[in-house]
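A structural walkthrough
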Amino acid sequence: MSTIQEQMKGKLVVSCQADPGNALENTDAIRRMARAVVDAGAKALRLNSTEHITAIRQDTDVPIIGIQKRHQNGMLRITPDFASAEALAKAGTSIIALDCTTRTWSFGEPWRQLVERIHGELHLPVMADCATLEEAVTAAEAGVDFVGTTLNGYTEDTLGNNTFNWPLLHKLARRVHIPIIAEGHISTPAEARRALDEGAWCVVVGSAITRPGVITERFLHAVEAPADNRYALGVDIGGTSIKAGIVSRQGKVSLTTQVPTQATLGRDAIAAGLSKAVEQVLALAKAKGIEPCGLGIASAGAMNSKDGSVFAATDNLPGWAGFNLREFVEKRFHLPTFVVNDAHGAVLAELHYGLGRNLTDFVAITIGTGIGGGIVSGGKLLEGQHGFAGTIGHHVIRIDGRPCNCGRKGCLEAYVSTVALLREYHERSGKAPDPSIADNAMARQISELALAGDAAAQGAYQALAGYLAEGLANIFNLLDPQAVFLSGGLVEGHQEFVDEVQERVKQLLHFGQKRAPRIQLAAQGHYAGVQGAGALVFSNQGR
Ligand SMILES: [Zn+2]
């Protein structure tokens, strides 16, 4: 038994974290919260990011369970690679926690390899964040120092568990012989005590102590008992996968599923995938006694919301153009169905459940391989005659500029996207592009380099900021919105970039100082399209 394990025995660990986009997601705010809980007697902390840990380490020497969350391709992974673990160790982490679920990842390194290297090179104990009994047993056998129930309720298999999983703790206590950390949905002091009595070595409490937003929602739930408890079924059809799930009137997404689009096989295969996803969610909903009141579909391509057909689609979805999506789905599932473009679906999620909730006029832009987006005006999403409204990526910011895949030259998308970032970076770093690294992986590297202070990477971001500011100044001139929200892999975590864009837009705009354009980062979840498609059902009920 190591000293650190002994030190944690029977203790309360407080997790101090805030979600991206939350008002408290700020190093100073989290640092003060950590100080407050340690002053009150918390014996250890669970913290996210080297930045927070470095700051908080200056105030206290209690054990810190450190994690590095990474959002990528809409997925969240806890401490995905050795570089993250090493940075956490340097910041003063006492125990490194990482995702040891059986999920497969498109990024990061295998967890067994990470455990080995953290032990061998960093000499730190490892906590395995697990969702199921099997995963925790496997992790214990692989030699981790603690197993945690952290991810129960957060993986596809366990989704829908919104309370602490007592049977899991009981079974774990019988099966593993290393310390078990009870974490996830522990919301009262009595539950925390019970976890220790029933076999947990120590207990982590987060939201119930350190998330005022969550606490407020719990009170609101009691005070404003929901009069409207309808549910919609939302579907998001993308080039690689079809996601679907149940969306509550309050915007909560649950009972989700995901199937491959199989786009290369053409229209019938895509439609079959769609049917399969809907059937799976309907089965999950039935088991919970939920009957959706309608079906919302967000799909890649320009959608005709009036007749429910696909007006145009790129080669990503061959044969999709001309397909009457609504007719197909209504015939099969007998539910009122509404369709929207996928980028517009994400904007609807922002409008009904996100940062746009209290606004009437805003523009939301997602930056990645290309630029997706949409415009909300007078509280309504602008679709246009054919569903093309808000195609912000294809407005020209440079006459005779770089060629764009839409056929024109000088579009915003040709200057602000993954490929554009790579180009600016290679120009500045003097390094030749490495053909063995995929564009998205390279863009992630540049993003991290920029955040770490690398001059060439920061220069590349500054160049993009200049171009994006030109585009956004046009948007502010055309629409005079209350805010522009930016999301997507390229800008996630880049507050300085957003500040720079905002400053430049202010300079470019007539009366810019007085108008004070609001440009803000938004966190778009993996199921934003599903959520927005669900919102479409609620806002169209009564058609
Ligand atoms: Zn274009």
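Provided above is the structure to which this section pertains.
Residues numbered from 1 in each chain as written. Predicted model: local features only at pLDDT ≥ 70, side-chain atom pairs only at ≥ 80, totals over all residues. Heavy atoms only, no water.

Observations concerning the packing of aromatic side chains
Note the threshold: For this analysis, a ring pair means two rings from Phe, Tyr or Trp (six-membered ring only for Trp) whose centres lie within 6.5 Å, classed as stacked if their planes differ by under 30 degrees, edge-to-face if by over 60, and tilted for the remaining angles. Buried, partly exposed and exposed residues are distinguished by accessible area as a fraction of the type maximum, computed with a 1.4 Å probe on protein chains only: under 20%, between the cut-offs, and over 50%, respectively. Helix and strand definitions here come from DSSP, where helices need a minimum of 4 consecutive H or I residues and strands a minimum of 2 consecutive E residues; each element is numbered from the N-terminal end.
Applying the stated criterion across every chain, the model contains 8 aromatic pairs. Here F164 and W166 contribute two aromatic rings whose centre-to-centre distance is 4.6 Å and whose plane-to-plane angle is 70°, an arrangement assigned as edge-to-face. In this structure W166 comes out as buried when scored by relative accessible area, which is 12%. An angle of 55° between the planes, with centres 5.4 Å apart, marks the rings of F362 and F485 as tilted. One end of the pair, F362, is in strand β18 (residues 362–367); the other, F485, is in strand β21 (residues 483–487), and 123 residues separate them in sequence.

As for the coordination of the zinc ion
Six octahedral donors around a metal ideally sit at 90 or 180 degrees from one another, while four tetrahedral donors ideally sit at 109.5 degrees. Spelled out, the test is: Sodium, potassium and calcium take a 3.2 Å donor cutoff, other metals 2.8 Å, and in both cases only N, O and S atoms count; water is not among them, so sites may look incomplete. A four-donor site is classed as tetrahedral when every donor-metal-donor angle falls between 85 and 135 degrees; four donors are called square planar, and six octahedral, when trans pairs exceed 155 degrees and all remaining angles lie between 65 and 115, with any other arrangement labelled irregular.
Every protein donor of the zinc ion is accounted for by H394 (ND1), C404 (SG), C406 (SG) and C411 (SG), and the metal-donor separations fall at 2.0 to 2.3 Å. Coordination at the zinc ion is tetrahedral, judged from the 4 donor atoms that bind it and the angles of 101 to 123° they form at the metal. Counting the intervening residues between successive donors of the zinc ion yields the motif H-x9-C-x1-C-x4-C. C406 gets classed as partly exposed once you look at its relative accessible area, which sits at 38%.

A word on empty space enclosed by the protein
To be explicit about the condition: As defined here, a cavity is a set of points on a 1 Å grid over the protein atoms alone where a 1.4 Å probe fits but cannot get out. A pocket is an open set with protein on both sides within 12 Å along at least five of seven lines, and residues line them when an atom is within 4 Å of a point. Grid points are joined across faces, edges and corners, and a volume is the space filled by probe spheres set on the points. Three classes are used, and their members are as follows: Ala, Val, Leu, Ile, Met, Phe, Trp, Tyr, Cys and Pro are nonpolar, Asp, Glu, Lys and Arg are charged, and the others, Gly among them, are polar.
With the rule as written, the count across this model stands at 1 cavity of 30 Å³ or more. When its volume is computed, the largest cavity comes out at roughly 40 Å³. The residue makeup of the lining of the largest cavity, split by class, is 2 nonpolar, 6 polar and 1 charged.

A word on the pairing of strand β19 (residues 371–377)
The condition is simple: Whether two strands pair depends on DSSP finding at least two bridges between them.
Counted residue by residue, β19 has 5 buried out of 7 residues, so it is predominantly covered. The sheet contact formed by β18 and β19 spans 6 bridges and is antiparallel. Residue pairing across strands places I367 opposite I371, the latter belonging to β19. Relative to strand β20 (residues 380–381), β19 runs antiparallel, the two being bridged by 2 bridges. Counterpart to S377 in the pairing with β20 is K380. Taking the residues that link successive antiparallel strands as the turn, the β19-β20 hairpin has 2 residues, and the phi of G378 there is positive, at about 60°.

Here we look at the sheet that holds strand β22 (residues 519–521)
Cut-off, in case you're wondering: Whether two residues are in contact is decided by their heavy atoms: any pair within 4.5 Å suffices. Orientation is described by lines fitted to C-alpha atoms, with helices fitted over the stretch in contact, and by angles between N-to-C directions that extend from 0 to 180 degrees.
Within the open sheet, the 5 strands sit side by side as β20-β19-β18-β21-β22. Their pairing is mixed. Looking at the sheet topology across the chains shown, the edges are occupied by β20 and β22. Where β18 lies against β21, 5 bridges are found, and the strand directions are parallel. Within β21, the position partnered with V363 by the bridge is V484. On top of the sheet, helix α13 (residues 342–353) reaches β18, β19, β20 and β21; it is set at about 50° to β19, its chief contact. Along the sheet face, helix α17 (residues 455–479) touches β18, β19, β21 and β22 and points at about 160° away from the line of β18.

Here we look at the pairing of strand β14 (residues 295–299)
In terms of residue burial, β14 counts as a mostly covered element, since 5 of its 5 residues are buried. Of the two faces of β14, both are covered, the one formed by L295, I297 and S299 as well as the one formed by G296 and A298. Sheet topology places strand β11 (residues 231–237) next to β14; 5 bridges connect them, and they run parallel. Pairing of I237 across the sheet is with S299, part of β14. The pairing of β14 with strand β17 (residues 337–341) spans 5 bridges and is classified as parallel. Bridged to L295 within β17 is T337.

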